Amino acid sequence: MVKQDFTITSYEVRDIRFPTSQHLDGSDAMNKDPDYSAAYVIFYTNDTQVEGHGMTFTCGRGTEVCCSAIEALAVKFVNMKLSDLVKDMRATHRICTGDSQLRWIGPEKGAIHLATAAVINAVWDLWAKAEGKPLWKLVVDLTPEEFVQAIDFRYITDAITPEEAIEILKQNESTKSAREAEMREKGYPAYTTSAGWLGYSDDKVRRLCREAKEQGFTHFKQKVGSDKESDIRRAALIRDEIGYESVLMMDANQVWDVNEAITWMEDLLQFKPHFIEEPTSPDDVLGHAAIRKALYPRTRVATGEHIQNRIIFKQLFQAQAIDFCQIDSCRVAGVNEILSILLMAKKFNIPVVPHAGGVGLCEYVQHLSLIDYICVSATTEGRILEFVDHLHEHFLDPVVMKNGRYMTPLAPGYSIQMKRESIDDYTFPGGKVHKELAANHKA
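Residues numbered from 1 in each chain as written. Predicted model: local features only at pLDDT ≥ 70, side-chain atom pairs only at ≥ 80, totals over all residues. Heavy atoms only, no water.

Enquirer: Mind showing me how you'd approach the overall build of the protein chain here?
Expert: The number of helices and strands found in the protein chain is 17 helices and 12 strands. Against the globule reference of 22 Å for 443 residues, the protein chain gives a C-alpha radius of gyration of 21 Å, in line with a compact fold. With the C-alpha coordinates of the protein chain rotated into their principal frame, the extents come out at 60 × 60 × 45 Å. The long-range share in the protein chain, meaning contacts at least 24 apart out of those at least 6 apart in sequence, stands at 76%. Counting every atom, the protein chain has about 17,100 Å² of accessible surface; 49% of that belongs to carbon and sulfur. (Helix = DSSP H or I, 4+ residues; strand = E, 2+ residues; numbered from the N terminus. Rg over C-alpha atoms; globule rule 2.2 N^0.38 Å. Contact = heavy atoms within 4.5 Å. Areas by Shrake-Rupley, 256 points an atom, 1.4 Å probe, with all protein chains shown as cover.)

This is the structure we're talking about:
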């Protein structure tokens, strides 16, 4: 039973878009002009002071599709009591994934799955607020049995069973408090992508590398894949700024075919990349395995931000196709599905290195890395959390960075609640910012 029970009385869905394409923030070989956006949902309750907020990340056009899918799911939760939802979070998850008609336009992938993430994360946000805890602490305080009860094991029991999952969690129970204290004191290690966007000039990349070093970062990521000679030049430039004592990662954002990925990376190995991220289609399990086989151990393979569900992650682990698991907080269906992936990654000994570009993703995934360290992996070795310094000012409880580390969030909830002014100003197409952009475009 939750400390404070609430009834969901209504909901609101917003299409929120930030015009980041104007400065090429977020630009890469595949996504040349992203407008960081959110399909955003608010669950209102019988207490006007307590709301559940959730969102899924989008890149501009298409956000309206996710909003329509959220509308179809959110209505199911109206008049439901929070206590009924949280006593069986697996069943609550299946309210979204088990609708036999809506499931047809998935199943468990695409816009309907993105919408599921927004809705399910809003329920977790509401639960954490009802308990007066940050989301990570809510989950950390669950018993192993309660933790596992939140997970839908359908389609993954050939990789991990509920019994195995409980055993993993029980092994870490006695030392959880020490790891929690460590995180509260030191925070979780991070790397920066902010210096490496493909659309930035060389001078801007140099400046941002220097600024990131001054902020305590020792791990940097470079976008690659559009032009090989440019990639080589920029890699040399970044190495010149950060030296070889720092870690350089590379990210192709799915732009290559399998053989192209191998040959392209052969020319970049001289710069000692720690990994190549998303070298090909996120759905190509065997392609990732082939790339890894050709390049390992000279560099490693990472992917995950576009992996659509726990089933594809299962196959990547089973096929020994990746070295790093890059969970995304709202590409898969929210906290429930994330917990299953964390446990599979632990069993297959694959470090979890979450994706956190975009709007709101840093706020989200800081909680997930803390859950992974405190409850599941019990180590930060080989694990580091992405940081992108964009749009945090729009959140009530934005991430706090110190010396290249995420400081542990303490406010109740999932850190995803946007300021009301930002919600209204950036709602598309009628918000103040978009009206001004349209007026300027006409002029």
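Still to come is the rest of the account.
Enquirer: Got a minute to help me understand unusual backbone geometry in this structure?
Expert: With the exception of glycine, most residues fall at negative phi, and the peptide bonds are largely trans. A cis amide bond, omega -15°, links G106 with the succeeding residue P107. Note on placement: P107 falls in the loop between α3 (89-97) and α4 (110-131). Backbone torsion omega between Y296 and P297 reads 0°, so that peptide bond is classified as cis. Although it is not a glycine, N253 sits at a positive phi angle of roughly 50°. Within the element layout of this structure, N253 appears in the loop between β6 (247-251) and α11 (258-266).

Enquirer: Looking at this model, I keep getting lost on the sheet that holds strand β3 (residues 51-58). Mind explaining?
Expert: Two strands in a sheet stick together by hydrogen bonds in their backbones, pointing the same way (parallel) or opposite ways (antiparallel). What the three strands build is an open sheet, ordered β1-β2-β3; its pairing is antiparallel. Each edge of the open sheet is held by one strand with a lone partner, namely β1 (8-17) and β3. Strand-to-strand, the axes of this sheet are offset by a mean angle of 15°, without reference to chain direction. Pairing of β1 with strand β2 (residues 37-45) involves nine bridges; the strand directions are antiparallel. The partner of V13 across the bridge, within β2, is V41. Docked against the sheet, α4 engages β1, β2 and β3, running at close to 150° with respect to β3. (Pairing = 2+ DSSP bridges. Axes fitted to C-alpha atoms, helices over the stretch in contact; angles between N-to-C directions.)

Enquirer: Mind showing me how you'd approach the pattern of salt bridges here?
Expert: Pairing is possible between side chains that carry opposite charge, provided their charged atoms lie close to one another. Taken as a whole and judged by the stated rule, the model has 35 salt bridges. Across the salt bridge formed by K223 and D251, the nearest N and O atoms sit 2.7 Å from each other. Of this pair, K223 sits in strand β5 (residues 219-223) while D251 sits in strand β6, and the two are 28 residues apart along the sequence. D251 matches K223 in its accessibility class, with the two residues each being buried. The structure contains a network of salt bridges with shared partners spanning R94, E108, D152, R310 and E337. (Salt bridge = Lys/Arg side-chain N within 4 Å of Asp/Glu carboxyl O. Buried < 20%, exposed > 50% of the residue type's maximum accessible area, 1.4 Å probe, protein only.)

Enquirer: Is there a simple way to think about the side chain of S340 in this case?
Expert: With respect to the helices, strands and loops of the structure, S340 is situated in helix α14 (residues 334-347). Among the polar contacts listed, one links the side chain of S340 to the backbone oxygen of E337, at a separation of 2.6 Å. Aside from chain neighbours lying at most four places away, what touches S340 is I151, I156 and R310. (Polar contact = N/O pair within 3.5 Å; in protein donor to acceptor, adjacent residues only side chain to side chain.)

Enquirer: Please clarify how the packing of aromatic side chains should be interpreted in this entry.
Expert: Inspection of every chain in the model, using the stated rule, returns 11 aromatic pairs. On the numbers, 6.0 Å between centres and 85° between planes, the contact of F387 with Y406 is edge-to-face. Remark: Y406 occurs in strand β12 (residues 405-406) and F387 occurs in strand β10 (residues 385-387); sequence separation between them is 19 residues. A residue is classified by how much of its surface remains accessible, and Y406, at 2% relative accessible area, is buried. Among the aromatic residues, those joined into a cluster by ring pairs are F217, F387 and Y406. A cation sits over an aromatic face here: R17 above F428, 3.8 Å from the ring centre. (Phe/Tyr/Trp six-rings, centres within 6.5 Å; stacked < 30°, edge-to-face > 60°. Lys NZ or Arg CZ within 6 Å of the ring centre and 35° of its normal.)

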